[in-house]
Amino acid sequence: MSGNEPFESVPLAGDHPDQAISLSQALLAPRIVIEDVSPQLDGGAFAAKAVRGQRVAVSAKVYSDGHDRMAVMLYWRQAHSRRWHTIPMQSPGNDLWLAEFSPNELGLHLFSLQAWIDPFATYAYDLEKKYAAGQDIQLELEEGRLMLGKGVERSEGLLSEQLLELQQRLPSLSVHDQVAQLLNPDTARLMSEAEHRSYLTRSREFPLDVDREAAQFASWYELFPRSCTDSPERHGTFDDVHQRLPMIRDMGFDVLYFPPIHPIGMQHRKGRNNALQAQPGDPGSPYAIGSPEGGHEAIHPQLGSHADFRRLVAAAAEHGLEIALDFAIQCSQDHPWLKQHPGWFSWRPDGTIRYAENPPKKYQDIVNVDFYAPDAVPSLWLALRDVVVGWVEEGVKTFRVDNPHTKPLPFWQWLIANVRSQYPEVVFLAEAFTRPAMMARLGKVGYAQSYTYFTWRNTKQELREYFETLNQPPWSLCYRPNFFVNTPDINPYFLHTCGRAGFLIRAALASMGSGLWGMYSGFELCESEALPGKEEYLDSEKYEIRPRDYTAPGNIVAEIAQLNRIRRDNRALQTHLGVVFLNCWNDQIVYFAKRTPERDNFILVAISLDPFNAQEASFELPLWELGLDDNADTQGEDLMNGHRWTWHGKTQWMRIEPWHQPFGIWRISKHH
């Protein structure tokens, strides 16, 4: 069967309700069971995630009554293509069938399984056992010649000729040679091509969403373009950002993310430290989007023009950086949409507009659209889609989406699929700190990556449980975690008093724990001054222009650069998957391994969670994963400084001094 032929129409397993069935239904029901297909989400209702060029491992339980041998075939194709690719599946036993394929195109794909009873494979299996046992097999040899004859009848052309020649030649051979010919893999291949596929059963088609590598492996750096200035009295511009590109590149980042760059409203503009009353010269929050100069499609005039933005995108690309933009679906009360499309918003009984609230918090400077208002369907949805497409056409391929969990899930499912049907390289990041079910659902409806609970996981047990949860279905199939160590909104309590060592601890946990991690500018300077009792920055950059000296003493720029270099050089670290926690007898030290499936890249990570005191522990090397006994020698390499040594045996000892370096990252290999 070629890859272009359609599936045979047969009943699907599980189609009938759980009730008594008629004889006619039973006779038509599949004899073969295909179940527990992976990867799949909610029975195929949503697409599992994959990355272009990387292997997709497909598994299923496939079985039937009796002892007949079966054949199972994996089919896969791009959703918009009619051509199916085929790969035979193999069984290691216990009804498990496995195969792998590597999609080379972006966008939605489909895969399905076909299974059938293979009479000739069953015959060959029995023949081999009988012959090996010394039984009389004359009748079996005649049966084999008859089966070849049936193959001739079911085929044509060269295939028919090859089978006929084999059938006619068999009687002239010795018993031993007849057996050898019938058990020859080439004979099995010819008979498989001629097989009519008895009791053919197929699974449903399962969707698979294929992203580019940056959806799984990227290092993000967030900055406010307006703060790229030498004075808080001068608004930074896109042209000023050019000066920051080399340093951001040299730190090893590949995504440069901007908060909203649109005009900012004047009504109810917030002042410094979120004051309700702005003072003259206060720039306001960039999340209060919209002014007479324009809305989501416009650029804040003090930042520059669209031409300036395009030049910045091009310059960033020359430095290996991709510009990511914030997509925040909220409006200031000066947004042009309020006059152009008042029906897109909610209004109070007194005629005033309903501004955003999260009681008891109030956000008087912004208002939210009403997705299901009579005047908003479908015009608002289409307008928001056009905003995204407009920025894609300006060179933006990655969007961080603000609070997506407060907008309708059907909207996201439609918008992301619609945009990616035109531009499959586009990546959407969900900024959603909310309930686990909602966070997972955002991944299912199309978000390529998501913010996480990592920021609030601090103890060894918390970190282990969280990492392991993200490595297991359904999370591993629908959710790619981006471990941001801080954001303009979140100044974690841990960083308030931990000093430089604490910043290194969180950077190591994030960069080694996931293929995706990010930091907001100032983290490399160990900025931590907070509003008393809150996880918020004092003098928050959201409300003021904040120049920085990025070479200030005590910075961790060099360490961040080396962490990112280690990530680039080691494939095991380019995903959150593949983590295994190992024995380390100290609750203040997190110790885990990241390794490739082939074990050709094996990284050990030990991180002290104590930023103040030295910690010591005995720990185990995972020699069993390298196929070594407990007394074997292994080669170790410290990836932060290049030092190499030989480990002897399984049990080792470590001491971590936070004033020196609060973590160790070692590459382990067999001793040569």
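Residues numbered from 1 in each chain as written. Predicted model: local features only at pLDDT ≥ 70, side-chain atom pairs only at ≥ 80, totals over all residues. Heavy atoms only, no water.

- The protein chain is annotated in an unreviewed UniProt entry as Alpha-1,4-glucan:maltose-1-phosphate maltosyltransferase from Pseudomonas mosselii.
- The annotation that UniProt attaches to the protein chain under Subunit (unreviewed entry) is "Homodimer."
- Under Catalytic activity (unreviewed entry), UniProt gives the following word-for-word description of the protein chain: "alpha-maltose 1-phosphate + [(1->4)-alpha-D-glucosyl](n) = [(1->4)-alpha-D-glucosyl](n+2) + phosphate". (UniProt positions renumbered as here; feature names shortened; annotations may be inferred.)

1. Describing the overall build of the protein chain
Here comes step 1: Counting secondary structure elements, the protein chain contains 18 helices and 28 strands.
Here comes step 2: On the principal axes, the C-alpha backbone points of the protein chain span a range of 100 × 70 × 50 Å.
Here comes step 3: Counted over contacts in the protein chain with a minimum sequence separation of 6, partners at least 24 positions apart contribute 74%.
Here comes step 4: For the protein chain, the accessible area works out to roughly 29700 Å², and carbon and sulfur atoms hold 50% of it.
Here comes step 5: Taking the 64 positively charged and 85 negatively charged side chains of the protein chain as two groups, their mean positions are separated by 2 Å. (Helix = DSSP H or I, 4+ residues; strand = E, 2+ residues; numbered from the N terminus. Contact = heavy atoms within 4.5 Å. Areas by Shrake-Rupley, 256 points an atom, 1.4 Å probe, with all protein chains shown as cover. Lys, Arg positive; Asp, Glu negative; His and termini not counted. Charge placed at Lys NZ, Arg CZ, Asp CG, Glu CD.)

2. Examining helix α14 (residues 460–470)
Here comes step 1: Among the residues of α14, L463, Y466, F467 and L470 are the ones counted as buried. Burial along α14 is one-sided: seen end-on, the buried residues are contained in an arc of 95 degrees.
Here comes step 2: On the buried face of α14, the contacting elements are α15 (475–478), β19 (482–484), α17 (499–513), β21 (579–581) and β22 (589–595). (Buried < 20%, exposed > 50% of the residue type's maximum accessible area, 1.4 Å probe, protein only. Arc of directions from axis to C-beta.)

3. A word on the UniProt feature "site: Transition state stabilizer" (unreviewed entry) in the protein chain
Here comes step 1: The UniProt record annotates "site: Transition state stabilizer" (unreviewed entry) at D489.
Here comes step 2: Structurally, D489 is set in the loop between β19 and α16 (493–497).
Here comes step 3: Classification of D489 by relative accessible area gives partly exposed; the value is 30%.

4. Here's the deal with the UniProt feature "active site" (unreviewed entry) in the protein chain
Here comes step 1: Those places that UniProt annotates as "active site" (unreviewed entry) correspond, in this numbering, to D402 and E431. Spanning 30 residues, the named residues nonetheless gather at one spot, since no C-alpha pair among them exceeds 5.4 Å.
Here comes step 2: Among the secondary structure elements, D402 is positioned in strand β16 (residues 398–402).
Here comes step 3: Residue D402 is classed as buried on the basis of its relative accessible area of 7%.
Here comes step 4: Apart from residues no more than four positions distant in its own chain, D402 is found in contact with Y287, D326, F327, A328, Q330, K407 and E431.
Here comes step 5: Here E431 is in contact with R400, V401, D402, N403, P404, H405, Y451 and D489, once residues within four sequence places are set aside.
Here comes step 6: A polar contact is formed between the side chain of E431 and the side chain of R400, at a distance of 3.4 Å. (Polar contact = N/O pair within 3.5 Å; in protein donor to acceptor, adjacent residues only side chain to side chain.)

5. Quick word on the domain arrangement of the protein chain
Here comes step 1: The domain boundaries assigned to the protein chain delineate domain 1 (29–118 + 201–210), domain 2 (120–194), domain 3 (213–330 + 381–571) and domain 4 (579–670).
Here comes step 2: Taking the mean C-alpha position of each, domain 1 and domain 3 sit 37 Å from one another.
Here comes step 3: Across the contact, 14 residues belong to domain 1 and 18 residues belong to domain 3.
Here comes step 4: Summed over both partners, the interface of domain 1 with domain 3 buries about 1300 Å², with 55% contributed by carbon and sulfur atoms.
Here comes step 5: For domain 1, the biggest contributors to the area lost against domain 3 are L41, F46 and K49; these three give 48% of the whole. (Domains from an automatic or database assignment. Buried area = accessible area lost by both parts, 1.4 Å probe.)

6. A few points about the packing of helix α11 (residues 379–392) against helix α12 (residues 409–422)
Here comes step 1: Running from N to C, α11 and α12 cross one another at 40 degrees; their axes reach a closest spacing of 10 Å. The orientation of α11 with respect to α12, classified from their angle, is oblique. In this structure, α11 crosses over α12, and the sense of that crossing is right-handed. For the pair α11 and α12, contact is made by W381, L382, L384, R385, V388 and V389 and by P410, F411, W414, L415, N418, V419 and Q422, respectively.
Here comes step 2: Tallied by class, the residues present in the contact of α11 with α12 amount to ten nonpolar, two polar and one charged. (Axes fitted to C-alpha atoms, helices over the stretch in contact; angles between N-to-C directions. Parallel < 35°, antiparallel > 145°, perpendicular 65-115°, else oblique. Left-handed = near helix turned anticlockwise from the far one by under 90°. Nonpolar A, V, L, I, M, F, W, Y, C, P; charged D, E, K, R; others polar.)

7. Brief notes about the nonpolar core
Here comes step 1: In this structure, L113, F258, F309, F399, W412 and F428 are the most contacted members of the largest nonpolar core, which totals 137 residues.
Here comes step 2: The dominant element in this core, judged by the number of residues it contributes, is α11, at nine residues.
Here comes step 3: With 19 residues, the next largest nonpolar core counts L604, A606, F619 and I668 among its residues. (Core = buried A, V, L, I, M, F, W, Y, C linked by side-chain atoms within 4.5 Å.)

8. Overview of helix α18 (residues 557–569)
Here comes step 1: Here α18 contains 13 residues, and its C-alpha end-to-end distance of 19 Å stays within 8% of the 18 Å for a straight helix at 1.5 Å per residue.
Here comes step 2: For α18, the set of buried residues is V557, I560, A561, Q562, L563, N564, I566 and R567.
Here comes step 3: Looking at the buried residues of α18, the elements they touch are β11 (218–222), α8 (245–250), α17, β20 (516–520) and β28 (663–670). (Expected span 1.5 Å × (residues − 1).)

9. With respect to the packing of aromatic side chains
Here comes step 1: If you walk through the whole model with that rule in mind, you get 41 aromatic pairs.
Here comes step 2: Seen in terms of ring centroids, F371 and F411 are 4.9 Å apart; in terms of plane orientation they differ by 55 degrees. Their pairing is tilted. Of this pair, F371 sits in the loop between β15 (361–367) and α11 while F411 sits in helix α12; the two residues are 40 residues apart in sequence, bridging distant segments of the chain.
Here comes step 3: Take F411: its relative accessible area is 0%, and that puts it in the buried class. (Phe/Tyr/Trp six-rings, centres within 6.5 Å; stacked < 30°, edge-to-face > 60°.)

10. Examining the environment of A614
Here comes step 1: Mapped onto the secondary structure, A614 falls in the loop between β23 (602–608) and β24 (615–620).
Here comes step 2: Separated by 41 residues in sequence, A614 and R655 have C-alpha atoms that sit 6.9 Å apart.

11. Remarks on the pattern of salt bridges
Here comes step 1: As enumerated under the stated definition, the model contains 41 salt bridges in all.
Here comes step 2: Among the ionic pairs, R55 bridges to E100, the shortest N-O distance being 3.4 Å. Pair noted here: R55 is in the loop between β2 (48–51) and β3 (56–63) and E100 is in strand β7 (residues 96–101), with a separation of 45 residues, a long-range link.
Here comes step 3: E100 sits in the partly exposed class, given a relative accessible area of 39%.
Here comes step 4: Salt-bridge contacts for E598 lead to R55; the nearest nitrogen and oxygen are separated by 2.3 Å. Taken together, the residues E598 in the loop between β22 and β23 and R55 in the loop between β2 and β3 connect sequence positions 543 residues apart.
Here comes step 5: Look at E598 and you get partly exposed, because its relative accessible area is 41%.
Here comes step 6: Several salt bridges converge on common partners, so that one network encompasses D209, D211, R420 and R480. (Salt bridge = Lys/Arg side-chain N within 4 Å of Asp/Glu carboxyl O.)

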